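Structural characterization, general
One letter stands for each residue in the lines below.
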Amino acid sequence: MLRHFVRLTRPSYRYASSSTKPWYVTTPIFYPNAAPHIGHLYSLVTADIFARYNRIKNPSRPVVFVTGTDEHGLKIQKAAKAQNLPPKDFCDVISQQFRRLSEEADISHTRFIRTSEQAHYDTVQSIWRDLDSQGLIYKGSYSGWYSVTDECFYTDAQVTHIPETPSSPARIIAKETSSPVEFSEETNYMFRLSSFREALLQHYTTHKDAIFPDAYQTYVLGILESPLEDISISRPHSRLSWGIPVPNDPEHTIYVWVDAVISYLTGIGYPWKDTGLSHGWPVDIQVIGKDIVRFHTIYLPAILLALNLPLPQRLLTHAHWTSSQKKMSKSLGNTTDPFQAMSEFGVDSVRYYLAKVGGRFRDDVDWSHIQVSKHDKELQALVGNLFMRVTSATMMSRVKEALENPEGSTELPEDLRTAFRELSDASAVLGSKVQESMDEMEVADALDSIVELLRLANKVLSDAAPWKNPLAHVSLESHRSCLEALRVSGICLQPFIPGVAVRLLDALGVPQEKRTLESVKETNTFEDVQVGTRLFGPRK
RNA sequence: GGCGGCGUAGCUCAGCUGGUCAGAGCGGGGAUCUCAUAAGUCCCAGGUCGGAGGUUCGAGUCCUCCCGCCGCCA
């Protein structure tokens with residue numbers, strides 16, 4: 001007899017941001033059937049921004065950041081076969097590219113998991129047995145349009161009907177590959193997803209901000225307002241051998257997405273001896289792409305409910321990158337190699353672009369070589385040039401002169417006093433503005449606040465014109481207030497462009513322990529400014 | 001077909017929760033500076049806010065219809 005597994009009476013775990021458990025963020029686990037692309041980098045950078053942000057927001061709270069590769073499945077099996085490699089060897093190569101991408105993009109992940117790891121393997125089988133013992137798995141039949149050539153099923157939407165012609169009969173083919181398909185049926189293991197519809201609906205009704213942006217919350221609620229059908233979670237071993245075998249049934253292989261989503265648990269050591277809190281569970285932010293929303297908002301939570309585990313706190317769903325307004329596609333030849341982009345523009349300029357342009361999460365965003373180049377220049381001018389203006393030989397000598405003659409007048413014209421006060425006020429509130437935006441997942445707004453402050457600093461410096469103003473005190477005040485703007489900006493820029501931010505803070509002589517969000521409110525004496533530091537690498 | 005999202009200056013985008021009835025950056029034109037990483041600052045031009053109705057004292061913002069684009073419907 002089937003147990004009724006809806007747990008409506010059990011409170012969902014909702015930990016406040018001041019919770020002491022480690023803060024946990026994930027990228028989607030990547031499917032390495034080909035080399036990584038800009039979309040993968042976007043997911044990595046997005047997750048990294050939140051990881052780094054939380055490190056400077058709550059320095060005493062550990063941050064756990066899991067990324068990795070999902071290495072089973074038919075596409076990988078076929079890609080390996082095409083290269084005459086065993087799947088494991090193929091995955092070793094491609095997974096290494098993803099790991100290298102993470103490292104070269106300055107991603108501060110704490111764990112790179114691969115679903116081919118033995119511990120993950122064992123845990124997936126263990127979870128399968130658990131679900132099975134609860135009566136949540138049963139054998140059923142799956143039917144659809146099967147392609148012998150492609151060795152897979154297609155849905156109605158994925159096939160098209162070719163009418164009869166004088167030389168050929170009517171037929172149905174797969175849209176993607178044009179291979180002929182025929183309606184077939186096979187036996188698979190099914191998961192009782194339907195049992196969880198009410199609990200899931202309640203969860204998303206109660207937690208209206210579970211998914212960001214709102215449009216995806218609405219989308220998921222719409223799905224859950226209709227009957228939820230059980231889903232197939234296995235494939236015949238004869239067709240899919242590269243995967244985790246179904247326990248006690250070697251003729252079936254666990255479907256790839258099942259073991260993929262379990263990696264968020266195994267990435268932090270599940271099954272735990274305790275509740276998982278000390279390991280970081282539940283996930284605080286789960287970064288996902290819009291193409292995998294169902295897996296992460298419905299299938300995974302259903303499994304978690306079945307395992308009696310709290311659900312992820314929030315999901316951040318990002319859209320895709322287009323290339324000069326066209327969908328990126330290998331067949332179109334308009335994909336961008338992320339390694340090449342980082343090499344050409346610098347890691348931080350690429351991160352800046354991804355965060356600035358991609359940091360609103362509303363819809364697809366455009367990757368354009370011209371736009372990336374412009375953002376690269378903007379960043380260098382905003383941060384690099386401002387630092388050089390403030391620490392120039394002329395400026396430093398004027399400051400020295402002012403310091404050596406403290407009896408000089410400190411009275412400033414009113415317009416300059418107002419300008420300096422405005423800049424100081426803006427510096428003082430930057431931390432709060434960035435925190436407010438980031439806590440609302442508004443990455444682009446946070447970055448815009450920093451840019452605005454740096455622009456204001458450049459303006460005030462031009463207004464004051466200390467390089468020619470006869471009042472020595474103007475030099476001192478300009479120097480001090482612009483360094484302060486750079487300092488607070490440097491602290492706040494760490495999540496977005498960590499390399500430049502660290503070099504800036506080093507050049508300003510900011511101690512390591514004074515680089516937290518809290519430190520923005522404090523003052524700095526700038527006794528150890530390293531004049532002449534170049535914050536950006538050489539340019540062509 | 002159903003559901004959801006989008007459409008604002010040449011380009012990329014803010015403007016969600018109705019109120020000095022439209023802004024920013026880039027690009028374009030002009031001026032200025034030369035402290036500075038060929039960088040800075042100032043000014044100007046540029047908009048049927050997809051179209052048509054409606055609600056309202058008032059709508060880019062709410063409602064209806066239409067047009068176009070995108071996504072989902074294991």
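Since the model is a prediction, treat every value here as computed from it, not as a measurement. Think of each chain on its own: its residues are numbered from 1, step by step along the sequence as written. Throughout, the order in which chains and ligands are written sets their labels, letters from A for the former and numbers from 1 for the latter. Local features in this predicted model are restricted to residues whose pLDDT is 70 or higher, and side-chain atom pairs enter the listing and the counts only when it is 80 or higher, whereas totals over whole chains, interfaces and linings include all residues. Working from all heavy atoms in the structure, the side-chain values ignore hydrogens and water.

**So, the overall build of chain A**
- Counting its secondary structure elements, chain A contains 16 helices and 18 strands.
- C-alpha extents for chain A along the principal axes are approximately 90 × 60 × 40 Å.
- Each residue gets one of three labels from its accessible area relative to the maximum for its type: buried under 20%, exposed over 50%, partly exposed in between, using a 1.4 Å probe on protein chains only. Expressed as a percentage of its 540 residues, the buried residues of chain A come to 56%.
- Contacts are assigned to residue pairs with any non-hydrogen atoms lying within 4.5 Å of each other. Considering only intrachain contacts with a sequence separation of at least 6, the fraction spanning at least 24 residues in chain A is 76%.
- Carbon and sulfur atoms form 51% of the exposed surface of chain A, whose accessible area is close to 24,400 Å².
- The centroid of the 57 positive side-chain charges in chain A is displaced by 1 Å from the centroid of its 64 negative side-chain charges. Starting at the N terminus, helices and strands are each numbered in turn, a helix being any DSSP run of H or I of at least four residues and a strand any DSSP run of E of at least two. Where accessible areas are quoted, they stem from the Shrake-Rupley method and a 1.4 Å probe; at the residue level, only the protein chains shown are allowed to cover. Counted as positive: Lys and Arg. Counted as negative: Asp and Glu. His and the chain ends are not counted at all. For this purpose, a charge sits on NZ of Lys, CZ of Arg, CG of Asp or CD of Glu.

**Re unusual backbone geometry**
- Here the bond from Phe212 into Pro213 is cis, since omega is -5 degrees, no more than 30 degrees from zero.
- Within the secondary structure, Pro213 sits in the loop between strand E9 (211-212) and helix H6 (214-224).
- For the bond from Trp281 to Pro282, the omega torsion is 5 degrees, close enough to zero to count as cis.
- Mapped onto the elements of the fold, Pro282 is located in the loop between helix H7 (256-266) and strand E14 (285-289).
- A positive phi angle is found at Phe361, which is not glycine, with a value near 55 degrees.
- Within the element layout of this structure, Phe361 appears in the loop between helix H10 (347-358) and strand E18 (365-367).
- Look at Phe361 and you get buried, because its relative accessible area is 4%.
- A positive phi is found at Ala465, a non-glycine position, where the angle reads about 45 degrees.

**Concerning the packing of aromatic side chains**
- Two rings from Phe, Tyr or Trp (for Trp, the six-membered ring) form a pair when their centres are within 6.5 Å of each other. A pair whose planes differ by under 30 degrees is stacked, one over 60 is edge-to-face, and the rest are tilted. Taken as a whole, this structure holds 16 aromatic pairs when the rule is applied.
- With 6.5 Å between their ring centres and 25 degrees between their planes, Tyr42 and Phe361 make a pair best called stacked. Separated by 319 residues along the polypeptide, Tyr42 in helix H1 (residues 38-57) and Phe361 in the loop between H10 and E18 bring together distant segments of the chain.
- Residue Tyr42 is classed as buried on the basis of its relative accessible area of 2%.
- On the basis of an interplanar angle of 15 degrees and a centroid distance of 5.8 Å, the ring pair of Phe191 and Phe196 is categorised as stacked.
- Taken together through their ring pairs, the aromatic side chains of Tyr42, Phe212, Trp321, Tyr353, Phe361 and Trp367 make up a single cluster.
- One cation-aromatic arrangement involves Arg100 over Phe339; the distance from NZ or CZ to the ring centre is 4.0 Å.
- Two limits define a charge over a ring: the Lys NZ or Arg CZ must be within 6 Å of the ring centre, and within 35 degrees of the ring normal. In this structure, Arg235 packs its charged tip against the face of Tyr255, placed 4.0 Å from the ring centre.

**Some thoughts on the UniProt feature "domain: Methionyl-tRNA synthetase anticodon-binding" (unreviewed entry) in chain A**
- UniProt positions are given in the numbering used here, feature names are shortened, and annotations may be inferred rather than shown by experiment. Here the UniProt-annotated "domain: Methionyl-tRNA synthetase anticodon-binding" (unreviewed entry) positions come out as residues 433-533.
- Between the end C-alpha atoms of residues 433-533 the distance is 28 Å, and the span holds 61% helix and 0% strand.

**Quick look at the confidence of the model for chain A**
- The predictor rates its confidence in each residue with pLDDT, a number between 0 and 100. The share of residues in chain A with pLDDT of 70 or more is 94%, and the mean pLDDT across the chain is 87.
- A low-confidence stretch, residues 1-17 stays under pLDDT 50, and its non-local contacts, those more than four residues away or across chains, total 30 contacts.
- Scoring the predicted complex yields pTM 0.91 and, for the interface, ipTM 0.88.

**Structural notes on the pattern of salt bridges**
- For this analysis, a salt bridge means a side-chain nitrogen from Lys or Arg found within 4 Å of a carboxyl oxygen belonging to Asp or Glu. Evaluation of the coordinates by the stated rule reveals 26 salt bridges.
- Salt-bridge contacts for Asp439 lead to Lys57; the nearest nitrogen and oxygen are separated by 3.1 Å. Taken together, the positions of Asp439 in helix H13 (residues 414-439) and Lys57 in helix H1 put the pair 382 residues apart, joining distant regions of the chain.
- In this structure, Asp249 and Lys139 form a salt bridge, with 3.7 Å as the shortest nitrogen-oxygen distance. Residue Asp249 is located in strand E13 (residues 249-254), and its partner Lys139 is located in strand E4 (residues 137-147); the two are separated by 110 residues in the primary sequence.
- For Asp249, a relative accessible area of 11% gives the class buried.
- Each of Asp48, Arg52, Asp106 and Arg351 takes part in salt bridges that share partners, so that together they form one network.

**Some thoughts on the side chain of Thr253**
- Within the secondary structure, Thr253 sits in strand E13.
- A polar atom in the side chain of Thr253 sits 2.6 Å from the backbone oxygen of Leu240.
- Discounting chain neighbours no more than four positions away, the residues touching Thr253 are Ile233, Ser234, Arg235, His237, Leu240, Ser241, Gly243, Ile244, Pro245 and Val246. Any N or O atom pair separated by 3.5 Å or less is treated as a polar contact, with the protein-specific requirement of one donor-capable and one acceptor-capable atom, and with residues adjacent in sequence counted only for side-chain atom pairs.

**Examining the state of the cysteines**
- Cysteine sulfur atoms are paired as a disulfide whenever they fall within 2.5 Å. Summed over the entire model, instances satisfying the criterion amount to zero disulfides.
- For Cys482, which is in no disulfide, the shortest distance to another cysteine sulfur is to Cys492 and amounts to 17 Å.
- Look at Cys482 and you get buried, because its relative accessible area is 1%.

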